[in-house]
There are 2 protein chains.
Amino acid sequence: MKKADVLFVSNKTKGRQFAKRLASRNPLLTCVLGTTETAKIPRISAAGKNPNLTDYTPPADAEILLLGRCRCIKQIPVTPEGIPTPALITRTALQLSNIPSLIVDAGSRIKPMVPFVNLNGNYGEDIRSGKACEDAPKIFQNAKMLGEQLSKLGGYLVIGESIPGGTSTALAVLLALGIDAIGKVSSSMSINPHRLKTEVAKTALKTAKIERGQLSEKPIEAVSKVGDPVLAAVAGLAVGATGNIPVMLAGGTQMGAVLSLIQRIKPNALENIAIGTTGWLIEDSTSDLVGIVRQIADVPILAANLDFSSSRSDGLRAYEKGIVKEGVGAGGAVIATMINGSITSEIVLKNVEEHYAKLIMGGNRL
Amino acid sequence: MKKADVLFVSNKTKGRQFAKRLASRNPLLTCVLGTTETAKIPRISAAGKNPNLTDYTPPADAEILLLGRCRCIKQIPVTPEGIPTPALITRTALQLSNIPSLIVDAGSRIKPMVPFVNLNGNYGEDIRSGKACEDAPKIFQNAKMLGEQLSKLGGYLVIGESIPGGTSTALAVLLALGIDAIGKVSSSMSINPHRLKTEVAKTALKTAKIERGQLSEKPIEAVSKVGDPVLAAVAGLAVGATGNIPVMLAGGTQMGAVLSLIQRIKPNALENIAIGTTGWLIEDSTSDLVGIVRQIADVPILAANLDFSSSRSDGLRAYEKGIVKEGVGAGGAVIATMINGSITSEIVLKNVEEHYAKLIMGGNRL
């Protein structure tokens, strides 16, 4: 028997119903970009070969989604270990099913050299300042307006993200909202630096003079003080779109933080929401997305059951070792391409391999 | 017998076929913004109470489309005579049929305070410099990429514009491409300043060292030298989208210039293109859209047959006197809302009146 391509992780009945709704609709993927000074704290993020390169990872990811290659940097983004960005997987899924995508800049230092929606947000500061993202209210409102417009297109929205250091800011927001998330957020590194992340998040709350749970009813204030631009934008997009259409939050534990924001801002939006991620993220023993989500709401979690263990590329086989695992909406995009049964996980792997080989051999040219 | 709400102006058979195709599809309106220093030449543009205010008209129009009111200025844009922006009509049409819209900034000095797609283009210079829009190649390519993505949504694209002084830059591009357009471009003023426009366009060609028709085979170069950011962006969007879906160029004689660009860049795109405008523009004795289009290609021209003569508002009745007439995709948006027969021109007028009255009485608040 062939293994399932899409896994239903929590509340399987609701998850299957959600998947059935999506199967008859057309997806639009929005990838939300942001950068923060938090990501430059040494050893906190692997989304870039070194801390200063993290500013280039989101625009480069956006360029990969639209062009198949980067413009703002010469090589595709890799972790310090040399493992390639999950944007490769997302791009492959988009191409396989001709899925449209729209880049949304929540707030980045470096802008992508492709068309993108501007939400008029500034990049995020170091959360240890307690003034992480003072544009959060504006970013949320603009994203909500965009989500409302996009929802009129019908179909459904897959919302991915690219923001280095995003799990640390997510942790701080989860704590400010009273969710027990210490030791539960994921990492793109092989060894999850939980101690460092917790220390950074706790310092952020301390500087902002917030007790854990103190901003439970003030979600946007939590983002302003200890969050990041992407959290505000993804929450806004989802709140704006769920009035008309289903929304898949495509990502890992960061989407847990988004879920907690939405649950505070507009609880009935949760009826139209699922989280879409990868099997690697679900199987990760160093993080606990299910444990975070369980504290917030009973929304379905779907996971793309990819198996890269037979890949010819070291960089892709590394995903099976729990490195990178998710990002740039990879899990959600793959779910969107597989959900009506025409594309299998084997086809996805074959095409990701071809794409990766071309990028490596062609010096980033496709 | 009730008069027709949509007029088929040229090649009626092709026009009716095009309308039939649109009727079974869902529209997405993109409004392309730009500003130029050309618009600040005294008496050339009426898209703003005075020349310096022309920089605020496109962002304010964008805000009206998404919010129903302006943010970047206190009052809605008016002509020096006090006649309100056609964005009112466009917004009303969008609301009546729940049509989604996406703001695209081709190159503006002032950015709208709502979400917009950034094409990384700079605002246009005074065309008399002969270096009107050096970003044209980049703007075109980025717009094309966006058009390709939007075309995957299915439906059809209505592309409107807001760029003060746009008919003068359009005239210069038409001349550079060898189209006889002198005395044929329209104006938002009651008296069309043809002599001034022709003088400006001829000076532009002279400074750029271009004979009339000399850039017939170099359309993007014509835009770079004597055009504007919006011409490059609308052409790019249309070329990108027409591979998959029908496109309505929503505007007046500026769309004639766009058509001439597309005809040079990708002639077979014309199969998927119509011009959508207003009856006021067609009836205008001081301009000749049909005469411009006839020199380029046999594409259908559709016109929204609006009658504001019974309006209670002086500002709206002025449209019947040939003031403003078109802009911000008004004609195309109204066609999109009337094309499947559910909304009549009477309903459009009634709703435009209500919208306008609320804006005037509510001090721009809705």
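A quick note: this is a predicted structure, and the numbers were derived from the prediction, not measured.

1. Some details on the overall build of chain A
Across its full length, chain A holds 14 helices and eight strands. For the C-alpha atoms alone, the extent of chain A along its principal axes is close to 50 × 40 × 40 Å. Put simply, chain A has 366 residues, and 66% of those count as buried. Partitioning the intrachain contacts of chain A with sequence separation of at least 6 by distance along the chain shows that 79% fall at a separation of at least 24. Summing over all exposed atoms, chain A offers an accessible surface of approximately 12,800 Å²; the carbon and sulfur share of this is 49%. Looking at charge distribution, chain A has the averaged site of its 41 positive side-chain charges lying 2 Å from that of its 31 negative ones.

2. Observations regarding a negative patch on the surface
Residue and element names in this part refer to chain A. Together, E283, D307, E320 and E346 line one region of the surface with negative charge. Structurally, E320 can be placed in the loop between α12 (314-317) and α13 (330-338). Residue E320 is classed as partly exposed on the basis of its relative accessible area, which comes to 31%.

3. Thoughts on the interface of chain A and chain B
With 24 residues of chain A at the interface, the matching set in chain B holds 24 residues. Regarding the contact of chain A and chain B, the summed buried area is about 2,200 Å², with carbon and sulfur atoms giving 61% of it. Here chain A and chain B share zero salt bridges between them. Linking chain A with chain B are six residue pairs in polar contact (both at pLDDT 80 or more). Broken down by element, the residue count for the side of chain A that touches chain B peaks at four residues, all from helix α4 (residues 136-151) of chain A. Each residue belonging to the side of chain A that touches chain B can be placed in one class, and the counts come to 16 nonpolar, six polar and two charged. With three bridges connecting them, strand β4 (residues 116-118) of chain A and strand β4 (residues 116-118) of chain B associate as antiparallel partners.

4. Some thoughts on the pairing of strand β6 (residues 247-250) of chain A
Residue and element names in this part refer to chain A. Side chains V247 and L249 of β6 all project onto a buried face; the interleaved residues M248 and A250 project onto the opposite face, where all are buried too. Both strand β5 (residues 156-162) and β6 contribute to a ladder of three bridges, which runs parallel. Residue pairing for β6: L157 is matched across the bridge by V247. In this structure, β6 lies alongside strand β7 (residues 273-278), joined through four bridges in parallel fashion. Its bridge partner lying in β7, M248 is registered against A274.

5. Regarding the confidence of the model for chain A
With 98% of its residues at a pLDDT of 70 or more, chain A shows a mean pLDDT of 95. Across the interface, the model reports ipTM at 0.95; the global pTM reads 0.96.

6. What about the packing of aromatic side chains?
Residues and elements named next belong to chain A. Across all of its chains, the model carries six aromatic pairs over all chains by this definition. The interplanar angle of 55° and the centroid separation of 5.2 Å between the aromatic rings of W280 and Y319 together place this pair among those described as tilted. Separated by 39 residues along the polypeptide, W280 in helix α10 (residues 279-283) and Y319 in the loop between α12 and α13 bring together distant segments of the chain. What links up through ring pairs into an aromatic cluster is the set W280, F308 and Y319.

7. Focus on the relation of the copies chain A and chain B
To go from the first copy of the chain to the second, apply a rotation about an axis and then a shift along the same axis. Structural alignment of chain A on chain B gives an RMSD of 0.0 Å, achieved by rotating through 180° and translating 0.0 Å along the axis. The transformation just described matches what one would write down for a two-fold rotation axis. Measuring from the rotation axis to each C-alpha of chain A, the shortest distance belongs to A:V117, at 2.0 Å. Mapped onto chain B, 100% of the interface residues of chain A again fall at the interface, so both copies present the same surface.

8. Description of the pairing of strand β5 (residues 156-162) of chain B
Residues and elements named next belong to chain B. With respect to burial, β5 is a largely interior element, seven of its seven residues being buried. Strand direction decides the pairing type here: strand β2 (residues 27-34) and β5, joined by seven bridges, are parallel. When the sheet's bridge partners are listed, C31 is paired in β5 with G160.

9. So, α13(A)
Of all nine residues that make up α13(A), nine are buried, and the element is covered over most of its length. Taken as a whole, α13(A) has its buried residues at A:A330, A:G331, A:G332, A:A333, A:V334, A:I335, A:A336, A:T337 and A:M338.

10. Details of the pattern of salt bridges
Taken as a whole, this structure holds 24 salt bridges over all chains when the rule is applied. Two residues, A:D180 and A:K184, come together in a salt bridge whose shortest N-O distance is 3.4 Å. Taking relative accessible area as the criterion, A:K184 reaches 17% and is therefore assigned buried. Across the pair B:R109 and B:D55 runs a salt bridge whose closest N-O atoms are separated by 3.9 Å. With a gap of 54 residues between them, B:R109 in the loop between β3 (101-107) and β4 and B:D55 in the loop between β2 and α2 (57-67) connect regions that are remote in the sequence. B:R109 gets classed as partly exposed once you look at its relative accessible area, which sits at 39%. The exposure class of B:D55 is buried, given its relative accessible area of 7%. Sharing partners across several salt bridges, the network here consists of A:E37, A:K40, A:D55 and A:R109.

11. Some thoughts on the environment of B:N272
Residue and element names in this part refer to chain B. The topology assignment puts N272 in the loop between α9 (253-265) and β7 (273-278). Separated by 27 residues in the primary sequence, N272 and I245 place their C-alpha atoms 6.9 Å from one another. The contacts of N272, once residues within four sequence positions are left out, are F18, R21, T242, I245, P246 and V247. One polar contact links N272 to R21, side chain to side chain, over a distance of 2.7 Å.

12. Remarks on the packing of helix α3 (residues 87-97) of chain A against α13(A)
Residue and element names in this part refer to chain A. Two elements in contact, α3 and α13, have axes separated by 8 Å at closest approach and are oriented at 20°. Classified by the interaxial angle, the pair formed by α3 and α13 is roughly parallel. For the pair α3 and α13, the crossing hand works out as left-handed. Here I89, T90, A93, L96 and S97 of α3 come into contact with α13, specifically with A330, A333, V334 and T337. Residues of the contact of α3 with α13, tallied by class, amount to six nonpolar, three polar and no charged.

13. Here we look at unusual backbone geometry
We note that A:N11 has phi near 45°; this positive angle belongs to a residue other than glycine. If you trace the backbone, A:N11 turns up in the loop between β1 (6-10) and α1 (12-23). For A:N11, a relative accessible area of 29% translates into the label partly exposed. Phi is positive for B:V324, which is not a glycine, with a value near 65°.

14. Let's talk about the packing of helix α5 (residues 166-176) of chain B against helix α6 (residues 194-207) of chain B
Residue and element names in this part refer to chain B. Their axes nearest at 9 Å, the elements α5 and α6 cross at an angle of 50°. Classified by the angle between their axes, α5 and α6 sit oblique to one another. Every pair of crossing elements has a handedness; the one defined by α5 and α6 is right-handed. Here α5 contributes T167, S168, L171, A172, L175 and A176 to the contact with α6, which in turn contributes K197, T198, A201 and L205. Its residues placed into classes, the contact of α5 with α6 shows six nonpolar, three polar and one charged.

Conventions adopted
- Residues numbered from 1 in each chain as written.
- Chains lettered and ligands numbered in written order.
- Predicted model: local features only at pLDDT ≥ 70, side-chain atom pairs only at ≥ 80, totals over all residues.
- Heavy atoms only, no water.
- Helix = DSSP H or I, 4+ residues; strand = E, 2+ residues; numbered from the N terminus.
- Buried < 20%, exposed > 50% of the residue type's maximum accessible area, 1.4 Å probe, protein only.
- Contact = heavy atoms within 4.5 Å.
- Areas by Shrake-Rupley, 256 points an atom, 1.4 Å probe, with all protein chains shown as cover.
- Lys, Arg positive; Asp, Glu negative; His and termini not counted.
- Charge placed at Lys NZ, Arg CZ, Asp CG, Glu CD.
- Patch = residues over 30% accessible without salt bridge, like charges linked within 9 Å, V, L, I, M, F, W, Y side chains within 5 Å.
- Salt bridge = Lys/Arg side-chain N within 4 Å of Asp/Glu carboxyl O.
- Buried area = accessible area lost by both parts, 1.4 Å probe.
- Polar contact = N/O pair within 3.5 Å; in protein donor to acceptor, adjacent residues only side chain to side chain.
- Nonpolar A, V, L, I, M, F, W, Y, C, P; charged D, E, K, R; others polar.
- Pairing = 2+ DSSP bridges.
- pLDDT = per-residue confidence, 0-100.
- Phe/Tyr/Trp six-rings, centres within 6.5 Å; stacked < 30°, edge-to-face > 60°.
- Least-squares fit on C-alpha atoms with pLDDT ≥ 70 in both.
- Axes fitted to C-alpha atoms, helices over the stretch in contact; angles between N-to-C directions.
- Parallel < 35°, antiparallel > 145°, perpendicular 65-115°, else oblique.
- Left-handed = near helix turned anticlockwise from the far one by under 90°.

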